[in-house]
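Here is how the chains run, residue by residue.
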Amino acid sequence: MASGSDVIERPAVAAESTESAPARRWLVPVLLVVGWVLSVAWRMWLSRHIVLPIAHTDEDSYLNTARALAGGPGGFSSENDLLRRVGYPMLISPAFLGDRDFTDSYRIVQLINAMANSTLLPLAYLLGRRLLRLRRSYALLGAVAAATLPATAFYAGIAMIDTVMAPLVVAWLLAVHRWIERPGPLAAATVGLLVGGFHLLHSRGLVIVAVHAGLVLLLLVRRRISPPTVLAALLPVLAAALVNAAVIRYLGDKVYLLGSTPGGGTVEAVASVQGVVRVGAGVTTQLWYLVVITFGMAGVAWAAAVRELWRPRHGDAARWTMGVALVVTVGVAGGASVILAGITGKPLDAIYGRYVQMLAPFWLLVGLGVLLTAGHRVVLRRAAVAVAVLVGGGALIAVRLAYVASQGHRLRYGGFSAPDLAALTGGWREMRPVLGSLVGIGGCLLLVAAALLPRLRLPMLGVLVVVNLITMQVIEHRIVRPAVASTAPTPRVADVGVRPGERVWASTGVHYVLRFNLSHQVTWTDVRWFGEQPPAAAQVVFARWAPGQPDDWDGTAYGFVRLGGNPVQHWAAWRRA
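Reading the values: the criteria
- Residues numbered from 1 in each chain as written.
- Predicted model: local features only at pLDDT ≥ 70, side-chain atom pairs only at ≥ 80, totals over all residues.
- Heavy atoms only, no water.
- Helix = DSSP H or I, 4+ residues; strand = E, 2+ residues; numbered from the N terminus.
- Buried < 20%, exposed > 50% of the residue type's maximum accessible area, 1.4 Å probe, protein only.
- Contact = heavy atoms within 4.5 Å.
- Areas by Shrake-Rupley, 256 points an atom, 1.4 Å probe, with all protein chains shown as cover.
- Lys, Arg positive; Asp, Glu negative; His and termini not counted.
- Charge placed at Lys NZ, Arg CZ, Asp CG, Glu CD.
- Salt bridge = Lys/Arg side-chain N within 4 Å of Asp/Glu carboxyl O.
- Pairing = 2+ DSSP bridges.
- Right-handed = clockwise from strand over helix to strand, strands pointing away.
- Axes fitted to C-alpha atoms, helices over the stretch in contact; angles between N-to-C directions.
- Parallel < 35°, antiparallel > 145°, perpendicular 65-115°, else oblique.
- Nonpolar A, V, L, I, M, F, W, Y, C, P; charged D, E, K, R; others polar.
- Patch = residues over 30% accessible without salt bridge, like charges linked within 9 Å, V, L, I, M, F, W, Y side chains within 5 Å.
- Phe/Tyr/Trp six-rings, centres within 6.5 Å; stacked < 30°, edge-to-face > 60°.
- Lys NZ or Arg CZ within 6 Å of the ring centre and 35° of its normal.
- Expected span 1.5 Å × (residues − 1).
- Left-handed = near helix turned anticlockwise from the far one by under 90°.
- Polar contact = N/O pair within 3.5 Å; in protein donor to acceptor, adjacent residues only side chain to side chain.

Draft legend 1. Layout of the overall build of the protein chain. Across its full length, the protein chain holds 22 helices and nine strands. The dimensions of the protein chain, computed from C-alpha atoms along their principal axes, are 85 × 55 × 55 Å. Across the 577 residues that make up the protein chain, the buried fraction comes to 56%. Contacts in the protein chain between residues at least 24 apart in sequence constitute 77% of all its contacts with a sequence separation of at least 6. With an accessible surface of roughly 23800 Å², the protein chain has 65% of that area assigned to carbon and sulfur atoms. Taken together, the 51 basic and 29 acidic charged side chains of the protein chain have centroids lying 11 Å from each other.

Here's what the structure looks like:
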C-alpha cells in the first residue's frame, strides 16, 4: 500500500526479491540498534552545553515534580488543576534518586530523553515497512530522516514532554493500523495503552483520547469489534486517568500550582467574529508550519490521505489510519489555538508550533512514501496541493502580520515553538512567512524532481538527513548557546558558600529565569519566594544586586551578610548573620 491513495507501480515482493535473502535478515535489526545508539549519542552531543534549564517555566515544573516523586523536596508547577499531568515527571524521576548535584541529575534527564526520543528511528522504519510498504533501503533512510527532524530532535536536550510525543504518535498510529487489520482484544488494548500514555503526558492528549473514543464507537457501530474489545480499548485509558489522579494525590501540596484554570475567558476569547478569526489564523499558521518544516511532504501526505478517505483503494486499515491522523492533526491545531487565545495574560504569538510538532515525522514519512511509490502523475498532483498550501498559507500569514503591524503591534515567536522555522528562514527576531513558503516550495520541488528519477531516490533521502543535521547545528549555535549564556547564573550556588541543609528563600526581585536556575542548584529544599522582607525562617536568600539602582536589596537592614553573586546578572546570595 502506498501512503494515502497512491499506487505502487511494482509488486513489493518483486521489488525486494534480492533483499529478502536469509543471510541479510540480521542486517536490518543490527542497523536499527546501531542507528539508535548513534542517535542517542548525537542528541547527547547536541545538549552538551545545556547544564541548566533554558525553557522556563515548563522545564522547572516538570523537574520540580520529578524531584518530588523521587522523594525529594517539591516546588512550584506552572500547570493548573484541570490540565495537570504527571506522565513525563514519572519518566524522568529516576534522575533525582540519591544525593547528587542538580547538573548531574539534569544530565541523566537528557540521557533518558535521548533514549526515548531515539525510539523514533525503529518506529519510523516499521511505519515505512508496514503502513507505507517501502523497500528496506527506503524505509531505513526515511526513518533516519524522520528521526533527525529538528521538530523532534530539538527537545531531547531539555526537560520537556515533547521529547516523547513524536515517537508515541508513530507508535500509536502503527498500533491503530494493526488493530484495523486484525481486530482483537490484544490489539485494542495496545492502542488503548498508548492513548492512555498521551493522556498521562499532556493536555493535548485529550484530543487523542476524544478521537480514540470516536474510533471505538465507529468500529462498534459498524460491527467490526465486539463489546469485550471495546472494554479492552477503553480500560487502559481509564487506568491512565486514575494513575494520573493517584500520583497527584500522592504529591499532595509538595508541588504547588501557579497556573490558572481555563474558564470563561477561553469562551469569551473565541465567542466573537474576531475570536474566530484569531483561532482560524492560529490553525492556518500551524498547518502551514508543518508543511514548511517537512519541505512540502506534509501537504503531499494530506492530499493523499484525503484522496484515500473519499476513494479508498488500499484497504480499510490505511483508510482508517489516515483518517485518524488527519482528525488528530486538525484537532490538535484547533485545540491549541483555542486554549492559547484564552490566555489573556500574554501577548499573542505569530506562531506557536510546539503542539503540532509531534505530528511532523509521521507526515514527513507519509509524504516520502507517496514520492517513492506512486506514479509520476500522482506525485505531481500531490505536490501541486502542497505548493498551493504553502502559497496560500504564506500569503494569509503575511497579511495577518502586516495588519497587526499597522495597528502598532508586533507578533513574536512563541517561546521555543518553532526553532527549525527560524533556522530555515533566518528569522531569528521576526517571522518570515514568504521566505518560509519559498523554502517549503523549493524543498518540495527538489524532492519531487529527485523522486521521479529512481537512481536519485536514495541520495535524495541522504541529502534530507544532511539538511536536518545542518539545521540542528544552526539551532544549537544560534538559539541554544545564547539561551544557555543568558539563563545560567554565575558563579554557582556552591561556589558562593551556600551549604546543604540551609533554609533558602529567593526574592522576586531576581529575574525569574535566574531565580529558577539558582533554586534548582539547592537540591535539599524547596526554595520559596518573598517580596521585600525575608521570612524569619530564612537562613540564606537570593536577592537583587544592582549597585546604584533604587531596587538594590540591602540585606544588612535585615541582619544578613552578602556571600557573593553577580552584579551584572543582578543577583546576590546573603546569609543571616
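Past the structure itself, the notes keep going.
Draft legend 2. Summary view of the pattern of salt bridges. As enumerated under the stated definition, the model contains eleven salt bridges in all. Across the pair arginine 48 and glutamate 476 runs a salt bridge, and its minimum N-O distance is 3.8 Å. Of this pair, arginine 48 sits in the loop between helix H2 (27-46) and helix H3 (58-69) while glutamate 476 sits in helix H21 (residues 457-487), and the two are 428 residues apart along the sequence. Here aspartate 58 makes a salt bridge to arginine 354, at a shortest N to O gap of 2.9 Å. Of this pair, aspartate 58 sits in helix H3 while arginine 354 sits in the loop between strand E3 (349-351) and helix H17 (360-373), and the two are 296 residues apart along the sequence. Residue classification places aspartate 58 among the partly exposed positions, given a relative accessible area of 22%. Of the residues examined, arginine 354 reaches a relative accessible area of 2% and is grouped as buried. Each member of the salt-bridge network shares a partner with another, and the members are Asp58, Asp162, Arg204 and Arg354.

Draft legend 3. View of the pairing of strand E5 (residues 504-507). Of the strand pairs in this sheet, E5 and strand E7 (residues 540-543) are connected by three bridges, and their pairing is parallel. Looking across to E7, one finds that valine 504 is bridged to valine 540. Two strands pair when backbone bridges link them, and E5 and strand E6 (residues 528-530) are joined in this way by three bridges, in the parallel orientation. When the sheet's bridge partners are listed, serine 507 is paired in E6 with phenylalanine 530. After leaving E5, the chain enters helix H22 (residues 512-520) and then returns to the sheet as E6, a path that is right-handed.

Draft legend 4. Layout of the packing of helix H11 (residues 205-221) against helix H12 (residues 227-251). Interhelical geometry of H11 versus H12 gives an angle of 175° and a closest axis separation of 10 Å. Regarding the angle of H11 to H12, the classification is roughly antiparallel. Residues Val209, His212, Val216 and Leu220 of H11 touch H12, and the partners they reach there are Pro227, Val230, Ala233, Leu234 and Val237. Of the residues assigned to the contact of H11 with H12, the class counts are eight nonpolar, one polar and no charged.

Draft legend 5. Structural context of a nonpolar patch on the surface. A surface patch of nonpolar side chains, about 550 Å² in accessible area, is lined by Trp26, Leu27, Val30, Leu31, Val34 and Leu38. With respect to the secondary-structure elements, leucine 27 resides in helix H2. For leucine 27, a relative accessible area of 34% puts it in the partly exposed group.

Draft legend 6. Molecular detail of the packing of aromatic side chains. With the rule as written, the count across this model stands at 17 aromatic pairs. Ring centres 6.3 Å apart and planes at 80° place the aromatic pair tryptophan 302 and tryptophan 363 in the edge-to-face group. Of the two residues, tryptophan 302 is situated in helix H15 (residues 297-310) and tryptophan 363 in helix H17; the sequence distance between them amounts to 61 residues. Judged by relative accessible area, tryptophan 302 falls into the buried class, the value being 13%. Relative to phenylalanine 560, the ring of tryptophan 553 has its centre 6.1 Å away and its plane inclined at 65°; by these criteria the two rings are edge-to-face. In terms of burial, tryptophan 553 and phenylalanine 560 fall into one category: buried. In this structure, arginine 562 is placed above the aromatic ring of tryptophan 545, and the distance from its NZ or CZ to the ring centre is 4.2 Å.

Draft legend 7. Just the side chain of threonine 425, in detail. Tracing the chain through its elements places threonine 425 in helix H19 (residues 419-425). Look at threonine 425 and you get buried, because its relative accessible area is 4%. Filtering out sequence-adjacent residues up to four positions away, threonine 425 remains in contact with Tyr413, Arg432, Leu435 and Gly436.

Draft legend 8. Spotlight on helix H14 (residues 273-293). Between the first and last C-alpha of H14 there are 30 Å, a value that for 21 residues agrees with the 30 Å anticipated at 1.5 Å per step. Following H14 by one or two positions, phenylalanine 295 adopts a phi angle in the positive range, close to 55°.

Draft legend 9. Fine view of the packing of helix H10 (residues 185-201) against H11. Packing of H10 against H11 brings their axes to within 7 Å, and their N-to-C directions diverge by 150°. Classified by the angle between their axes, H10 and H11 sit roughly antiparallel to one another. Judged by the sense of rotation from one axis to the other, the crossing of H10 with H11 is left-handed. On H11, the residues touching Val191, Gly192, Val195, Phe198 and His199 of H10 are Gly205, Leu206, Ile208, Val209 and His212.

Draft legend 10. Quick peek at the environment of glutamine 569. Relative to the helices and strands, glutamine 569 resides in the loop between strand E8 (560-566) and strand E9 (571-576). Distance from glutamine 569 to valine 306, taken between C-alpha atoms, is 54 Å for residues 263 residues apart in sequence. Those residues in contact with glutamine 569, other than ones at most four positions away along the chain, are Ala488, Pro489, Thr490 and Leu514. Polar contacts involving the side chain of glutamine 569 include one to the main-chain amide nitrogen of threonine 490, which spans 3.0 Å. A polar atom in the side chain of glutamine 569 sits 3.0 Å from the side chain of tryptophan 571.

Draft legend 11. Focus on the sheet that holds E7. Pairing is mixed across the open sheet formed by five strands, whose spatial order is E6-E5-E7-E9-E8. Looking at the sheet topology across the chains shown, the edges are occupied by E6 and E8. The mean inter-strand angle of the sheet, taken between neighbouring strand axes irrespective of direction, is 30°. As paired strands, E7 and E9 are joined by four bridges and run antiparallel to one another. When the sheet's bridge partners are listed, alanine 543 is paired in E9 with alanine 572. Sheet strands in contact with H22 are E5, E6, E7 and E9, and its direction is about 170° off that of E5.

Spatial relationships are all this shows, so hold off on functional conclusions.
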